[in-house]
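As a plain string of letters, each chain reads:
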Amino acid sequence: MRRTAIIIAMLAIMIPVVTGAEATYHDVPTGSTDNDVAIAADGGYMIAGTDEGRIICIQQDGTVLWNVSTGSAVTTVDIADSRGYVAAGTDRGDVILLGRNGEYYWTRSIAGPVRDLAFSGDGRALAVGGERIALYDYQGKENWNFSTVAAPPAAPQTIVSVAITQDGNYIAAGSDNGVIYFIGKRGNMIWQSLARGPVTAVDTNRDGSLIAVGSRDRALQVYGRPGMLSWVMPTGASILALALSEDGRFIVVGKEGGDVECYRPDEGLLWRDRIGGDVVTVDVSRRGEAAAAGTADGTIRLFGGESAMRWSFGAGAPVRAVALSENGDYLAAGAGDRALIFRTADPPMPARLEDPESTTPRPTPTLAGGEGAIVGLLAIGAAGAACRLRRR
């Protein structure tokens, strides 16, 4: 009788752990590959842009709020929280502005596919990169644009990454021909520089006093606003993704071959983590409280700003994009044809138990210490013991 009481007590403790625990992430099918994601500053919702031309808004609890078709693959998305705007760029060169509830405002076009776009912090300006760089205001007026074809070097090039300061006064851009641009809000070229390989990512801090550049020349470059190259760090492998915290204290890079590295500008490496598989997307929260990375072989990993890994998650498909909320409390990701939104404080726990008859592989979190496996073994053992007692 005493053994029976112990077993019942064990089950009473374990069952809430398995069946009643609050979900820490939600996994939403989007119908086709997610090319990019963005997340609201407070983590309340995320936006996914898909290969079938959909812009999808997903609430923090996994509810799809709206789904808009663009007619062409969505290549990049961004959110302007201050005004409730959502911007998207497409493969055919459309720049689209929507409202918080999916209402349509305007469409503009640039030459070639849109490769990147970014809102200023106040949402009044939108920088766009494709075969040219353009700056739009929130009403759709093109403030300026210029073709990058005539810029040195002379061969045609495409802008692959853009960033804009909080106040919209400065725009940084990088091209697949290795040219780095720093431009004023009126379209005045402040300076240009040249990397020794194709630029893969640029970012600025809040006021544009620091500009971080990643490229395939295996070096991280940091410029000051006047254009001086203030810091260079050899990385040993091509940089595929880069993010600079708004306060300018942390730079996170993702590299070919599987390394994620975090640097403090003008000082050096803070930490390094090897994931395996090319790290194609990274992000960092506003003050560096958290950093995230995604790999081509399907791993999503969360880090502390000044520390190593907090948790790792097997998404089961290539991760194309990650985005952190302002304080790092929530993480959005696009992996294959699924959008995911995580609460970052705890290791990932799904919204519901999987169908025991399902044979479809599901995402798998890595939990510190293997607690999930221990609980499962205890549950099986307790259930078996209870069955043996009943047979007696």
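Computed from a prediction, not measured in an experiment: that's the story for all the values here.

The next thing to look at is the side chain of Asn35. Examined against the element boundaries, Asn35 turns out to sit in strand β2 (residues 34–39). What makes Asn35 buried here is its relative accessible area of 13%. Within the structure, Asn35 has its side chain in polar contact with the backbone oxygen of Val74 (distance 2.9 Å). If we skip the residues at most four places from it in the chain, Asn35 touches Gly49, Thr50, Asp51, Val74, Thr75, Arg320 and Ala321.

So, about the sheet that holds strand β22 (residues 239–244). Whether parallel or antiparallel, the strands of a sheet pair through hydrogen bonds between backbone atoms. Judged by pairing direction, the sheet is antiparallel, and its four strands sit side by side in the order β22-β23-β24-β25 without closing on themselves. If you trace the sheet from one side to the other, it starts and ends with β22 and β25 (268–274), each paired once. Going across the sheet, the axis of each strand differs from the next one's by a mean of 20 degrees, ignoring polarity. Looking at chain direction, strand β24 (residues 259–264) and β25 are connected through six bridges and run antiparallel. By the bridge assignment for β25, Glu261 is matched with Arg272.

Our next topic: the pairing of β22. Across the six residues of β22, six count as buried, placing the element largely inside the fold. The sheet contact formed by β22 and strand β23 (residues 251–255) spans five bridges and is antiparallel. Note that in β23 the partner of Leu242 across the bridge is Val253. A loop of six residues connects β22 with β23, the two strands running antiparallel in sequence, and Gly248 in this loop sits at a positive phi of about 80 degrees.

Next up on the list: the sheet that holds strand β11 (residues 125–129). Strand order in this open sheet of four strands is β10-β11-β12-β13, and the pairing throughout is antiparallel. Here the strands that pair on one side only, and so sit at the sheet edges, are β10 (116–119) and β13 (142–147). Each adjacent strand pair in this sheet contributes to an overall mean axis angle of 10 degrees, direction not counted. The pairing of β10 with β11 spans four bridges and is antiparallel. Counted as the bridge partner of Leu117 is Val128 from β11.

A few words now on the confidence of the model for the protein chain. The predicted model of the protein chain has a mean per-residue pLDDT of 86, with 82% of residues at 70 or higher. Scored below 50 in pLDDT, residues 1–20 makes 21 contacts in the model with residues more than four places away or belonging to other chains. In the predicted structure, residues 367–392 sits below a pLDDT of 50 and forms 20 contacts with residues beyond four places in sequence or in another chain.

Moving on: the nonpolar core. Across soluble globular proteins, nonpolar side chains have a tendency to be buried as a group. Of all hydrophobic cores here, the largest spans 16 residues; its most connected members are Ile300, Trp311, Phe313, Leu331, Leu340 and Phe342. Looking at this core, the elements with two or more residues in it are β27 (290–295), β28 (299–304), β29 (309–314), β30 (319–324), β31 (330–335) and β32 (338–343). Every residue in contact with Ile300, bar those within four places of it in the chain, is listed here: Ala293, Trp311, Ser312, Phe313, Ala315, Val319, Leu331, Ala333, Leu340 and Phe342. Counting 15 residues, the second largest nonpolar core, distinct from the first, contains Ala118, Phe146, Ile171 and Val179.

Our focus in this paragraph is the pattern of salt bridges. When the charged atoms of two side chains with opposite charge come close together, those side chains can pair. Tallying each qualifying case throughout the model produces 15 salt bridges. Between Arg343 and Asp346 there is a salt bridge whose closest N-O contact spans 3.4 Å. The exposure class of Arg343 is partly exposed, given its relative accessible area of 21%. For Asp346, a relative accessible area of 32% translates into the label partly exposed. Overlapping salt bridges bring together Lys255, Asp259, Glu261, Arg272 and Arg274 as one network.

The element strand β3 (residues 45–50) is largely enclosed, with a buried count of six among its six residues. Along β3, one buried face is formed by Tyr45, Ile47 and Gly49 and the opposite face, lined by Met46, Ala48 and Thr50, is buried too. Sheet analysis places β2 next to β3, joined by five bridges and oriented antiparallel. Bridge pairing links Asp34 to Thr50 in β3. Between the end of β2 and the start of β3, which pair antiparallel, lie five residues, with Gly43 showing a positive phi angle near 75 degrees. Both β3 and strand β4 (residues 54–59) contribute to a ladder of five bridges, which runs antiparallel. Within β4, the residue paired with Ala48 across the bridge is Ile56. What sits between β3 and β4 in their antiparallel hairpin is a turn of three residues, with Gly53 showing a positive phi close to 85 degrees.

Thresholds, definitions, all that
Residues numbered from 1 in each chain as written. Predicted model: local features only at pLDDT ≥ 70, side-chain atom pairs only at ≥ 80, totals over all residues. Heavy atoms only, no water. Helix = DSSP H or I, 4+ residues; strand = E, 2+ residues; numbered from the N terminus. Buried < 20%, exposed > 50% of the residue type's maximum accessible area, 1.4 Å probe, protein only. Polar contact = N/O pair within 3.5 Å; in protein donor to acceptor, adjacent residues only side chain to side chain. Contact = heavy atoms within 4.5 Å. Pairing = 2+ DSSP bridges. Axes fitted to C-alpha atoms, helices over the stretch in contact; angles between N-to-C directions. pLDDT = per-residue confidence, 0-100. Core = buried A, V, L, I, M, F, W, Y, C linked by side-chain atoms within 4.5 Å. Salt bridge = Lys/Arg side-chain N within 4 Å of Asp/Glu carboxyl O.

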